[in-house]
Structures are given as C-alpha cells and as structure tokens.
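Letter by letter, the chains look like this.
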Amino acid sequence: MQEKGTISVSTENIFPIIKKFLYSDHEIFLRELVANAMDASQKLKRLAAIGEYQGEVGELKVQVSIDEEAGTITVSDAGIGMTAEDIKKYINQVAFSGATEFIEQYKDSDQGDSKEIIGHFGMGFYSAFMVADKVKIVSLSHKEGAEAAQWECEGSTEFEISPGEKKERGTDIVLQVAEDSKEFLNKARLRGILDKYCKFLPITIELDGEQINNTTPIWTKSPSELKDEDYLAFFKELYPMSPDPLFWIHLNVDYPFNLTGVLYFPKITNNFDLYKDKIQLYSRQVFITDEVKDVVPEFLMLLRGVIDSPDIPLNVSRSYLQSDANVKKINGYVTRKVADKLEELFKKERTAFEEKWESVGFFVKYGILSDEKFYDKAKNICLLKNSEGKYFTLDEYREHIQAAQTDKNENVVYLYSNDPDKQDAYISSARKQNYDVLLLDNQMIDSHFVGSLESKIPNSSFKRVDADTMDKLIDTGTEKESVLSEEEATKIKEVFEKTLNNNALNLQVEALPTDELPVVITVPEFMRRAQEMAKTSGMMGLGEFPSALTVSINGNHSIIQKILKAEEAAQKALVLQAYDLALLSQNLLSGANLTKFIERSVEMVGK
Ligand SMILES: Nc1ncnc2c1ncn2[C@@H]1O[C@H](COP(=O)(O)OP(=O)(O)OP(=O)(O)O)[C@@H](O)[C@H]1O
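Residues numbered from 1 in each chain as written. Predicted model: local features only at pLDDT ≥ 70, side-chain atom pairs only at ≥ 80, totals over all residues.

**A closer look at the overall build of the chain**
Here's step 1: The helix and strand inventory of the chain stands at 20 helices and 22 strands.
Here's step 2: For the chain, buried positions account for 35% of its 607 residues.
Here's step 3: In the chain, the share of contacts with a sequence separation of at least 24, taken over all contacts with a separation of at least 6, comes to 69%. (Helix = DSSP H or I, 4+ residues; strand = E, 2+ residues; numbered from the N terminus. Buried ≥ 20, exposed ≤ 12 C-beta atoms within 10 Å, placed from the backbone. Contact = placed C-beta atoms within 7 Å.)

**What to know about the environment of Asp230**
Here's step 1: Positionally, Asp230 belongs in helix H6 (residues 228-238).
Here's step 2: Here Asp230 falls in the partly exposed class, since 14 other C-beta atoms lie within 10 Å of it.
Here's step 3: For the pair Asp230 and Gln531, spaced 301 residues apart in sequence, the C-alpha separation works out to 49 Å.

**Quick notes on the UniProt feature "binding site: ATP" (unreviewed entry) in the chain**
Here's step 1: UniProt feature "binding site: ATP" (unreviewed entry): in the numbering of this structure it lies at Glu32, Asn36, Asp77, Met82, Ser97, Gly98, Thr171 and Arg318.
Here's step 2: Along the chain, Met82 turns up in the loop between strand E3 (72-77) and helix H3 (84-108).
Here's step 3: Classification of Met82 as buried rests on a count of 26 C-beta atoms within 10 Å.
Here's step 4: Setting aside anything within four residues of it in sequence, one finds Met82 in contact with Ile87, Tyr90, Ser139, Ser141, Ala149 and Thr171. (UniProt positions renumbered as here; feature names shortened; annotations may be inferred.)

**Describing the confidence of the model for the chain**
Here's step 1: Taken over all residues, the pLDDT of the chain has a mean of 86, while the share at 70 or more is 86%.
Here's step 2: Note on residues 110-122: pLDDT is under 50 here. Beyond four places in sequence and across chains, it has 26 contacts. (pLDDT = per-residue confidence, 0-100.)

**Here we look at the sheet that holds strand E22 (residues 549-554)**
Here's step 1: The three strands are arranged E20-E22-E21 in an open sheet whose pairing can be described as mixed. Looking at which strands have only one partner, the edges of the open sheet turn out to be strand E20 (505-510) and strand E21 (519-522). Within this sheet the neighbouring strands show an average axis-to-axis angle of 20°, counted without direction.
Here's step 2: In this structure, E20 lies alongside E22, joined through six bridges in parallel fashion. The residue bridging Val509 from the neighbouring strand is Ile553, located in E22. (Pairing = 2+ DSSP bridges. Axes fitted to C-alpha atoms, helices over the stretch in contact; angles between N-to-C directions.)

**What to know about helix H14 (residues 446-456)**
Here's step 1: Of the residues making up H14, those classed as buried are Phe449, Val450 and Leu453. Taken down its axis, H14 places every buried residue within 105° of arc, on the same side.
Here's step 2: Where H14 is buried, its residues touch helix H10 (357-370), strand E17 (412-417) and strand E19 (460-464). (Arc of directions from axis to C-beta.)

**What to know about the sheet that holds strand E12 (residues 279-283)**
Here's step 1: The strand order across the open sheet formed by five strands is E10-E11-E14-E12-E13, and the pairing between neighbours is mixed. The open sheet has two free edges, formed respectively by strand E10 (247-253) and strand E13 (286-289), since each of these has just one partner strand. On average, each strand axis in the sheet is tilted by 20° relative to the strand beside it, whichever way the strands run.
Here's step 2: Here E12 pairs with E13 via three bridges, running antiparallel. Residue pairing in the sheet places Leu281 in a bridge with Thr289 of E13.

**Some remarks on the packing of helix H16 (residues 486-500) against helix H19 (residues 568-585)**
Here's step 1: Viewed as axis vectors pointing N to C, H16 and H19 meet at an angle of 85°, and their least axial separation amounts to 10 Å. Accordingly, the angle class assigned to the pair H16 and H19 is roughly perpendicular. In this structure, H16 contributes Val495, Phe496, Thr499 and Leu500 to the contact, and H19 contributes Gln571, Lys572, Val575, Leu576 and Tyr579.
Here's step 2: Class assignment for the residues of the contact of H16 with H19 results in six nonpolar, two polar and one charged. (Parallel < 35°, antiparallel > 145°, perpendicular 65-115°, else oblique. Nonpolar A, V, L, I, M, F, W, Y, C, P; charged D, E, K, R; others polar.)

**Notes on the pairing of strand E2 (residues 62-67)**
Here's step 1: Summarising the sheet, E2 and strand E8 (residues 205-207) pair through three bridges and their orientation is parallel. What sits directly across from Val62, in E8, is Ile205.
Here's step 2: Pairing of E2 with E3 involves five bridges; the strand directions are antiparallel. The residue bridging Ile66 from the neighbouring strand is Ile73, located in E3.
Here's step 3: Connecting E2 to the antiparallel partner E3 that follows it, the hairpin turn spans four residues, and Gly71 within it adopts a positive phi of roughly 70°.

**Some remarks on the nonpolar core**
Note that soluble globular proteins tend to have their nonpolar side chains buried in a common cluster.
Here's step 1: Counting 98 residues, the largest nonpolar core has Val34, Ala128, Leu175, Leu194, Ile205 and Val262 as its most contacted members.
Here's step 2: Tallying contributions element by element places helix H2 (residues 28-49) first for this core, with 10 residues.
Here's step 3: Built from parts of two domains, this core gets at least three residues from each of domain 1 (3-210) and domain 2 (218-347).
Here's step 4: Discounting chain neighbours no more than four positions away, the residues touching Val34 are Val62, Val64, Val75, Cys198 and Ile205. (Core = buried A, V, L, I, M, F, W, Y, C linked by C-beta atoms within 7 Å. Domains from an automatic or database assignment.)

**A few points about H6**
Here's step 1: If you check which residues of H6 are buried, you get Tyr231, Phe234 and Phe235. What you see down the axis of H6 is that its buried residues fit within an arc of 105°, all on one side. Exposed positions of H6 whose direction lies more than 90 degrees from the buried face are Glu229 and Ala233.
Here's step 2: Check the buried side of H6 and you find it contacts E10 and strand E11 (259-265).

**A word on the packing of H16 against helix H18 (residues 558-565)**
Here's step 1: Contact geometry for H16 and H18: axes closest at 10 Å, N-to-C directions at 80°. The orientation of H16 with respect to H18, classified from their angle, is roughly perpendicular. Contact residues: H16 offers Glu488, Lys491, Ile492 and Val495, while H18 offers Ile560, Ile563 and Leu564.
Here's step 2: Counted by class, the contact of H16 with H18 contains five nonpolar, no polar and two charged residues.

Here it is, written out as structure tokens:
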C-alpha cells in the first residue's frame, strides 16, 4: 500500500530557505545523518542491555557510501530502525518541528546573527535537503514482526510512504545529490567532513568500507589507564604540526554537569593568534565546533585539546549560551582545574615549573589580568624572574627586596626592566646599590601585568629601572652629600642649558654616586605609562605625546669640576660629550648625532 501525504507546516516550502541560509554550512548534513545513525545504534544497544531487544545485536557500524554513477550518498546503520508509523511520527512530525523551529529562530534574529544560529543549530534529518533534491529512507525496525518501510520526499512538503525492501534491521538514508552539490560525491571531500566531525564517534564509521574513527579517544578513558605517551600521541593526532605540549589536564566531572576532556598547555611562541580557538568542543564524541568562546574563559582559549559535554546547549544562539547556567559552571570548573594543576606542578616540581614559566607565565598573567578570582588562586604560584634569572613567588620576592627597597613612605619599590639589553646601564647602577631588578620583558602582556600587580599588592610601587636616578627611584629620605656649592650647581645647570639649548629637556643637578655616569637620562614612570596607554588605546598617534626626558647632571662626578673650570670651547665639547654618553647608554643616539659624537670622541682621544 502506498500512502501520500503533506507535511503540515506553516511555511509554504521551507527547503529553499534551509538551503539558502545554511549555505556556508552545507557539509554538516553528514554530521547530522551519521549522528542519527549512531543514536539509533546506541539505542539498540541499550534496549538489548535491558532485555527489551532479544535478537542478535551484531556489529553496529555505520556505513557511508558513494555511488558516483547513480549520484547518491547512502548512510546505513543497523540500529533500531523505524516502522512506517515511526517514520510518520519521527520524520514527518518530530524532525519537522526541529526544522520549523530553526526557521522561527532565524526569523527572530537579525541577519548578522544568523550565521551563529546556523553554526550551532543541529538541523537534524532535514539538513539532508541542503545537498539533496530527493531523500529516501528505507528502514526495518527492530520490533518483532516489523515490516520494512520506505519514505521518499523531493524537497517539497509532499512525501510518499510505501512498504520497503529491506531484510536487515536498521536504516538506509539515500540522498540523491542535487546538481549544485555534486562536490559531495567526491570521496576525499566526504572523508574530510567525516574526519572533522566524526573522528571520535563511539561507533565504527566506515566510508566505502574504510574505518574513519577512533571510537575510544583518550578523553573517554580513565586517567589511570593512560600514560604520558598516550596523551602526547593524542595531541599529535589533533595538532600534527605543533611542538609537544608542556603538560595537560584530564577533565572528568559528572556532577552537577557532565564534562570530560583533556586540555593541553602549548608551548607559547610569539604568534598568539594562531593559538586561539584551538580547543575542540564535542557533544558525546560528535565534533561541534572549535569556537569555544563563552564555554572556556577567554584566557584559557589559548589552551588546546578537547572538551566533551552533552550539557552544553549547542543548538541555540550565542547570546543564550552566555547566560546559560551550565556554561557558567563549566567555565568556573575549567578555571579551577587549571589553577589546581598549576599549583600541583609548582609544589611537586618547582624546577620544571620554572623552566616552563616563559609559556605558563603567559596564561597565569593573562588570567590574573582578565579574571579577578583567578588572582586569588594563582597568587601563590605566580613567579617573578629577576635580572639574574632567579625565580621568586610574589611573597618570596617581597621578602627578598623589602629591606633594601622600602622607601620613606613604607612603599616597597619593585624595579623592573622590560629590555635588559637597552637598560643594561641602569640595571648595573641598581645592582651597585644592592637593588634587585625584575625582568618583565614580555612585550604583549607585562606592561599591563605591572599595573595589575601594583594595584593588587598593598604598599607596592613598580618602577622601570630607567624611570629616575637610583636615589629617587627609591627615595629613602636620606639627603645625599653634594660636592657642589649652590653657586656651582646653578652655574653648571646654566652651562648645560646654554649648550644643549633644548626646552623639552628637564634639567636638574643631583648628588649621585661618583661612580654613576656624569649625566643620566630618564623618563618618568607616570609619563611613560601614560604614553604606553595612549599608544595601546590609539588615542594619539605615536610620537604626538610629549616625550619628557629628565636629564640629571651628576654634581658629584669629577667631570663636572672639569667642565666648571674649562674654557668655553672645551666646556661645550665636554657637556655635549657627557650628554651624548647618557643618550648612548639609553640607545638613543643615532644618525647625525652619533656621527658628531664619534668625531668629537676621536678628537678628544687625539688630544
Ligand atoms: N537512522 C535513524 N534510525 C532510526 N531513527 C532515526 C534515524 N534518523 C532519524 N531518526 C528518528 O527521527 C527523529 C528526528 O531526527 P532529527 O535528526 O531530525 O532530530 P533529532 O535527532 O531528534 O535531533 P537533532 O536535531 O539534534 O538531530 C530522531 O529523533 C529519530 O527518532
């Protein structure tokens, strides 16, 4: 008996709409059909396990095959199958409600958002019509005495149902591939899609007889069954081109939500962007997306690996995902696990932890900057490295510098360098005073990190080592003895002003140690930070911000006496020489000024 019917649906014909708006994601039809076949297989397994199916279960693999000549793709399973009644119920009604719901969602969203909905909306069975102009279902239900049934639909709301010819339990979905979708008849193309979405499905998937998937990926196993090699091999499987990860975290939770996975800490190179969106999100081993925004905290998006959770609602739009309670909990859980793992590593293998700090520190700092709560968890394992390459925790470091580097206001002054090469002269001045200098030279993150630490550590101030002369950087309130009389100080300042003839310079005479340079050039900390902020926020073009240099003349240096006593011409040469030397030590001397300096030096040496 053949039966014809019309699928009741408010929209005249939803297929053209499905086709049009799902355009960029056509390939997911295969994921949907394979996932259905897998569900049907697993349902049968469950029925057999609870004794509701008495027959032979047999091998439950899902087969995908291409018949290029006939222009068809067939997805077959040996799962529970469907009777004609089941087809009417599940395909005509249930599946359709899913498709209609999609259209409703699409209508409610503005154009810009539609792609997101599409990307996260499981279109189910009807997504087959994105690539096929005719779909046939032939199915034999597992139910005793069931007869095979066949359903056909040509992409309109009309369908035809009739007895089918099928002897084995299960379902064949046959797609007559549409003219504009012929690419899917290519085996390599299908293989690519299966590799992407179905690589770790729990039931064997074959493409033209060849197994595609690994049915028991490591995140489905217990950590006690796994060795380091297994984790490394899995990492290589996911990211064949990447260097080995630093370490990994096996996630496993079943209350209050369900989540498994393995997250890897990659070695950080400078190309951070390459590392974003590399965590893969699965739902019961079906690949969903690698856009994990909202599910994983922003700073952990640089991690790699797999998260699998049936509790992440994937068939809804982004905005919903953000406010979803489960997603929030997952987010919190992942953050906590990462913090725990870092603490464990730190406690167990501090040396190894220090060796990995270049990469690990990036996550920790990023986490501290972006997540208030993460600081509380990470403050005990956040390391600081000094210019001698030694590592300290925040507490250890404070202890280390407290005695020497507390200023008259009881602030502990943390000195740092962001470019040890350029700031070498300042670092060595600091060391001469028995001060310690931190290395905070990650250009991407450390300038922000400095500000953040300063606000988090009470009574602390961070100053770059070239922000002022040493005794002003850490002002202990003790007056330095000056060998210059007040008159001489005024005189030397005048000589410098006249010779350098530059209003932008902030000239001052100071009593610095005799072994300091005769002239020291610095950029005040607050000024430099304001400049950096302006640069990063794009408020001002580079260079527009006044660059205020402070020029400190070391009144205690012997050369100052020489200048005071010299003839005018010699005086001028000495001032320029002392000033140029200061610029040189900051790496600020170049071009014509450098040439002049060299000429002058040669002349002086020759005298
Ligand atoms: N291969 C199959 N074997 C048995 N039943 C199937 C098969 N494919 C689909 N079905 C039935 O049709 C129903 C509708 O399928 P459809 O893919 O549209 O939605 P779904 O799987 O329930 O949800 P989703 O939108 O997440 O895919 C399924 O719930 C299932 O009962």
